[in-house]
Amino acid sequence: MFDDSIADAICVIAKDFHQRGWMSGTAGNLSARQTNDAMWITASGKSKGNLTANDLLKLKINNGEVIEHNLTMNSPSAETEIHQAIYQSFSTAKACFHIHSIDACLATRLHADETHLVLPDLEMIKGFEIWEQSPKVLLPVFRNHLDVSQIAADIRRQFSQLQPDITALMIRDHGITVWGNSIEQTYNRVEILEFLLSFLARTPQKSQS
Ligand SMILES: [Zn+2]
């Protein structure tokens, strides 16, 4: 059954992110979990500034099979497997947003090692429910692969062994993926992570140790 509230919220957020330069071209993809086994995700190859509810498809989380779509020419995002990996790894995840931003790529190039990036301990980190004085919060950094299945496999493998500090990850030279227990929380956390990464992108390399 088509869920108007989910579809409308995703379309509004896609337009917002597109206007901020986080979903340029047709890049990035947004999804929301409807049930344990099903999610809505944006269609492949669409400008994120002009989505309508018809540009979302409902898929099975376990195998990516399309359950419902309003336009038969639409196909699911090419990066659907990243979303499947997140929902399968985190049962409480209700939404998952994947965007491509310049600052996230720059911050990673400047400040990440092979596997992670230390986020700046700014006040904004509290948006991830980190309530410590001067916390050291790690953002997992994954290798980018042409084959999205490989990225998804890396995510599944790592999170089956190690829980991340925050509900987010970075794919090097690609973009961030953020999840949360609601569409609203996930939206807020994308903004917060982008704030932190924008700060890092403007921080000279030598100031990090
Ligand atoms: Zn991507």
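Data block above holds the structure.
In every chain, residue numbers begin from 1 and rise along the written sequence. Totals for whole chains, interfaces and linings use all residues, but because this is a predicted model, local features are given only for residues with pLDDT of at least 70 and pairs of side-chain atoms are given and counted only at 80 or more. By convention in this description, side-chain values take in all heavy atoms of the structure and omit both hydrogens and water.

Enquirer: Help me understand helix α4 (residues 148-161) in this model?
Expert: At 3.6 residues per turn, the α-helix brings residues three or four places apart onto the same side. Its 14 residues give α4 an end-to-end C-alpha distance of 21 Å, which sits within 8% of 20 Å, the value for a rise of 1.5 Å per residue. Three labels apply to residues, based on accessible area from a 1.4 Å probe with only protein chains included: buried if under 20% of the type maximum, exposed if over 50%, partly exposed otherwise in between. Secondary structure elements follow DSSP: runs of H or I of four or more residues count as helices, runs of E of two or more count as strands, with numbering from the N terminus. Along α4, the positions that sit buried rather than exposed are V148, I151, A152, D154, I155 and F159. Buried residues of α4, seen end-on, are gathered within an arc of 160° and therefore sit on one face of the element. Exposed residues on α4 whose side chains face more than 90 degrees from its buried face are S160 and Q161. At its buried positions, α4 is contacted by α2 (80-89), β7 (137-142), β8 (168-171) and β9 (175-180). Within 3.5 Å is the distance limit for a polar contact, defined as a pair of N or O atoms, with the added protein rule that one can donate a hydrogen and the other accept it, and that residues adjacent in sequence qualify only through two side-chain atoms. Capping of α4 at its N-terminal end is provided by D147; its side-chain oxygen lies 3.0 Å from the backbone amide nitrogen of S149. Helices are assigned an expected span. That span is 1.5 Å times one less than the residue count. Taking the helix axis as origin, the arc is that swept by the directions to the C-beta atoms. Whether two residues are in contact is decided by their heavy atoms, any of which lying within 4.5 Å being enough.

Enquirer: Got a minute to help me understand unusual backbone geometry in this structure?
Expert: Note on backbone geometry: most residues besides glycine have negative phi, and most peptide bonds are trans. With phi around 50°, S134 is a residue other than glycine that occupies positive phi space. Relative to the assigned elements, S134 resides in the loop between β6 (116-119) and β7. For S134, a relative accessible area of 51% puts it in the exposed group. Within the chain, D173 stands out as a residue other than glycine whose phi angle is a positive 55°. With respect to the helices and strands, the residue D173 is situated in the loop between β8 and β9.

Enquirer: So what exactly am I meant to see when it comes to the state of the cysteines here?
Expert: Any covalent bond linking the sulfur atoms of two cysteines counts as a disulfide. Cysteine sulfur atoms are paired as a disulfide whenever they come within 2.5 Å of each other. Taken as a whole, this structure holds zero disulfides when the rule is applied. Cysteine C96 is unpaired, with the sulfur of C105 as its nearest cysteine sulfur at 17 Å. Among the residues examined, C96 registers a relative accessible area of 0% and is labelled buried.

Enquirer: Please clarify how the environment of H116 should be interpreted in this entry.
Expert: Of note, H116 is situated in strand β6. Along the sequence, H116 and G127 sit eleven residues apart, while their C-alpha atoms lie 20 Å from each other. Leaving out residues up to four positions away in the same chain, H116 has contacts with L138, L139, P140 and V141. A polar side-chain atom of H116 sits 3.2 Å from a polar atom in the side chain of T115.

Enquirer: Even after reading the chapter, I still don't get the coordination of the zinc ion, so can you show me in this structure?
Expert: Angles at a metal have ideal values that depend on geometry: 109.5 degrees with four tetrahedral donors, 90 or 180 degrees with six octahedral donors. Water is absent from the atoms considered, so a metal site may look incomplete; donors are defined as N, O and S atoms within 2.8 Å of the metal, or 3.2 Å for Na, K and Ca. On the protein side, the zinc ion has E79 (OE), E79 (OE), H98 (NE2), H100 (NE2) and H174 (NE2) as donor atoms, found 2.0 to 2.4 Å from it. Each donor residue of the zinc ion belongs to the same chain, with the gaps between them written as E-x18-H-x1-H-x73-H. Here the residue E79 occupies a position in the loop between β4 (66-69) and α2, and H174 occupies one in the loop between β8 and β9, the gap between them amounting to 95 residues. Here the two residues E79 and H174 agree in accessibility, since each one is buried.

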